[in-house]
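Coordinates in review
Here's the letter readout for the chains.
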Amino acid sequence: MSETAVEALSEAEASAELERLAREIAAHDARYYREDAPTVSDAEYDALKRRNAAIEARFPALVRPDSPSLRVGAPPSTQFAEVVHGTPMLSLDNAFEDGDVVAFVQRIRRFLNLSEAEEIAFTVEPKIDGLSANLRYEKGALVQGATRGDGRAGEDVTANLRTIADIPRRLKGEGWPEVIEVRGEVYIEHDAFQAMNAAAAEAGQRTYANPRNAAAGSLRQIDPSVTAGRPLRFFAYAWGLSSAPFAQSQWEALERLRQWGFVVNPLSVRETGVDALLADYRRFGAIRAKLGYDIDGVVYKVDRLDWQERLGSVGRVPRWAIAHKFPAERAHTVVRDIEIQVGRTGALTPVAKLEPITVGGVVVQNATLHNADEIARKDIRPGDTVVVQRAGDVIPQVVEVVDPDRPGRAPPFAFPTVCPCPLRTPIARETTASGAETVVRRCTGELACPFQKIEHLKHFVSRKAFDIEGLGEKQLVAFFEDGLVREPADVFRLPRDEAKLQRLRGREGHGETSIRNLIAAIEARRTIALDRFIFALGIRHVGETTAMTLARGYGSADAYLAAMDQVAAGDAAAIAELDALDQIGAAVVAASAAYFREPHNRRIVQELRAELTVLDAEAPRADTAVAGKTVVFTGALERLTRDEAKAQAERLGAKVASSVSRKTDLVVAGPGAGSKLKTAAELGVRVLSEEEWIALVAG
Ligand code: IVH
């Protein structure tokens, strides 16, 4: 996807982009921190954060209250009680090259105003790839333990942390402050991870992609006895709140922690001079694979605590420490085969099936090849030996072919011309509205293709669609294969289909209670909001937001479906009406027409409709002070979040725009409002404070 260069963005574009980035990064954070199941590589994630930072640097006035740059990690989830840390849990700045380390030491020298002759001692510690925890001890007893969360507050996982043998419940020795927060990393060793995953697979339970995710998942179990059965370990390396000083240097502090009963990483050393730091970095890198647990770099910390204190921190990272990261891990392996996977919309994704190989402690056997062009560009063929890369990753990549000149190599990979599904329908290369070819290839079988059917059903029950508890992806695929659910309406027919329920009773893991719960969950969704209903249909280009626009625009399921029938029939007035809705363009019009032209889809929708009560959308209000007005929010809002304010405005019949123009009726400006406020003044647009806005909409 091509992105506009940051320098070329208009303010309106920048604002929209920051909003998108905030949403996207928050979603990745949630998947990484809460669900322990990231979907992008660290590199892709970092690129998003960098773009966000670059745009914010250029438009400081646009920094959002929910900006990802103001957060460390994810806010705590609601499953566990929130614990506010005694002092914030900081993150670390990263160094990737030797030069970054030189610059780090120079910065410290300058900041402390030290001459070149003055020596600065550092501790060099392995950077453990697990998740950090904060342990609060009072009078030597462990009273509370929490995850890092967003750095300010984490989740109360005391009972789970108590099950870890490396964590003392009572501090040993003496000299510990009356109140102290000890910090360190919870992790799992490679052997234990493999054994745990193998046992889980055997028992039909979930497995984890890597030891870090396994550690995070294990620590966040509701039932501490489950955590107790997991092989969690803990290295102590830092502290937070302390009621009294207990050391003068990092090195001495590590020694204290050891005396109090913690495990401190035995590889940690104390050094002076950049050369020594870099030599340690290389030494650690060389023994990394043999350690038996994952480390993703080394951490250098200024040893003297009085200097640490003077150096302080910038934002969320200390000036006195830096993480020197190892480059992405690579390994060689053989491509056994190239398989084609089919998505919901029929898009075909080639996947390399690899000879299983351990890369960075994780067994890799699949790597996405993205699309046919990518395969051709890298010229990957079955039988090739390739470099596989995984950078703290869940999605391994094939970097290049190692032996392209070997004799007897397979011919270039020919992308199939028919779908791998049993129907063998032809594959078409997708074109854009202007007729240009894209890299996407699609199965043209649409809903007749069983592969697409499954993906459609997955979408249908997904969280933002019908969201039926107990009917997740796995369950659904099993139900599909057993013929219990083949189409959306089948889900709602299930509760009264005695024959199917009887079969369900025969399945493993389906006791009376679980069947009763499933039926209750299905019944609970028989009444559904119009926007969810529309979203669930899985029409291309109709995401959550578009579904909401359509719901608001048509008001009821009957009106929407009648209009779509007309759109499908090519009725010019109906098409014009759809096209006129805000944010709806040619792609949605074409996709809607195509969807509702298909007899199969029409039958599916009708049958589904017969099972459901679809609630009317709230009609836009015409009787409020802001009805029909175009509103722009700018600057920081203090009582409302931006999303809340927007939703409220829309509920009251206003339109929310992102930039100020002659069409704008109102600008609501908070602190830090910049050029939009100026434009408003120039155009004579009425400007309100947040308080005035609240008063206006309340009245
Ligand atoms: S010190 C103020 N030391 O790395 C500094 N962190 O990217 C606080 N980590 O959140 C962290 N090993 O989860 C420190 N020896 C070590 C570490 C370490 C791993 C993790 C920790 C931290 C993250 C920062």
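Described below are features of the structure shown in this document. It should be emphasised that the depicted structure is a prediction, and the values quoted were computed from it without experimental measurement.

1. Regarding the packing of helix H19 (residues 557-568) against helix H22 (residues 599-611)
Any two packed helices are characterised by the angle at which their axes cross and by the distance between the axes. Between H19 and H22, the shortest axis-to-axis distance is 13 Å and the interhelical angle comes to 170°. Taken together, H19 and H22 sit at an angle that is classed as roughly antiparallel. Packed against H19, whose contacting residues are Ala-557, Asp-558, Leu-561, Asp-565 and Ala-568, the element H22 presents Arg-602, Val-605 and Arg-609 at the interface. Looking at the contact of H19 with H22, its residues break down into four nonpolar, no polar and four charged.

2. Examining helix H25 (residues 690-698)
Among the residues of H25, those classed as buried are Glu-690, Trp-693, Ile-694 and Val-697. All buried residues of H25 lie within an arc of 100° about the axis, which places them on one face of the element.

3. What about the packing of aromatic side chains?
On inspection of all chains with the given rule, the structure shows 16 aromatic pairs. Between the aromatic rings of Tyr-187 and Phe-235, the centroid separation amounts to 4.8 Å while the plane-to-plane angle is 5°, which identifies the pairing as stacked. A residue pair is termed long-range when its members are at least 10 positions apart, and Tyr-187 in strand S7 (residues 179-188) and Phe-235 in strand S8 (residues 232-242) qualify at 48 residues. Ring geometry for Tyr-595 versus Phe-596: centroids 5.0 Å apart, planes at 65°, classification edge-to-face.

4. Re the state of the cysteines
Counted according to the given criterion, the structure contains zero disulfides. Left unpaired, Cys-419 is separated from the closest cysteine sulfur, that of Cys-421, by 3.4 Å. Given a relative accessible area of 0%, Cys-419 falls into the buried group. Cys-443 carries a free sulfur, and the closest cysteine sulfur to it, the one in Cys-419, is 3.5 Å from it.

5. Points about the pattern of salt bridges
With the rule as written, the count across this model stands at 46 salt bridges. Here Lys-139 and Glu-178 are joined by a salt bridge, their closest N and O atoms 3.5 Å apart. Linking Lys-139 in the loop between strand S4 (131-138) and strand S5 (141-147) with Glu-178 in the loop between helix H4 (158-161) and S7, this pair joins segments that are 39 residues apart in sequence. The exposure class assigned to Glu-178 is partly exposed, which follows from its relative accessible area of 48%. The partner of Glu-523 in a salt bridge is Arg-526, with the nearest N and O atoms 2.7 Å apart. According to the relative accessible area criterion, Arg-526 is buried, its value standing at 16%.

6. Things to note about unusual backbone geometry
One can expect most non-glycine residues to show negative phi and most peptide bonds to be in trans. Backbone geometry at His-370 places phi at a positive 65°, although glycine is not the residue there. Its location among the elements puts His-370 in the loop between strand S16 (362-368) and helix H11 (372-378). The backbone of Arg-424 shows a phi angle near 55°, a positive value even though the residue is not glycine. You can see Arg-424 is positioned in the loop between strand S18 (397-401) and strand S19 (427-431).

Criteria and thresholds
Residues numbered from 1 in each chain as written. Predicted model: local features only at pLDDT ≥ 70, side-chain atom pairs only at ≥ 80, totals over all residues. Heavy atoms only, no water. Axes fitted to C-alpha atoms, helices over the stretch in contact; angles between N-to-C directions. Helix = DSSP H or I, 4+ residues; strand = E, 2+ residues; numbered from the N terminus. Parallel < 35°, antiparallel > 145°, perpendicular 65-115°, else oblique. Contact = heavy atoms within 4.5 Å. Nonpolar A, V, L, I, M, F, W, Y, C, P; charged D, E, K, R; others polar. Buried < 20%, exposed > 50% of the residue type's maximum accessible area, 1.4 Å probe, protein only. Arc of directions from axis to C-beta. Phe/Tyr/Trp six-rings, centres within 6.5 Å; stacked < 30°, edge-to-face > 60°. Disulfide = S-S within 2.5 Å. Salt bridge = Lys/Arg side-chain N within 4 Å of Asp/Glu carboxyl O.

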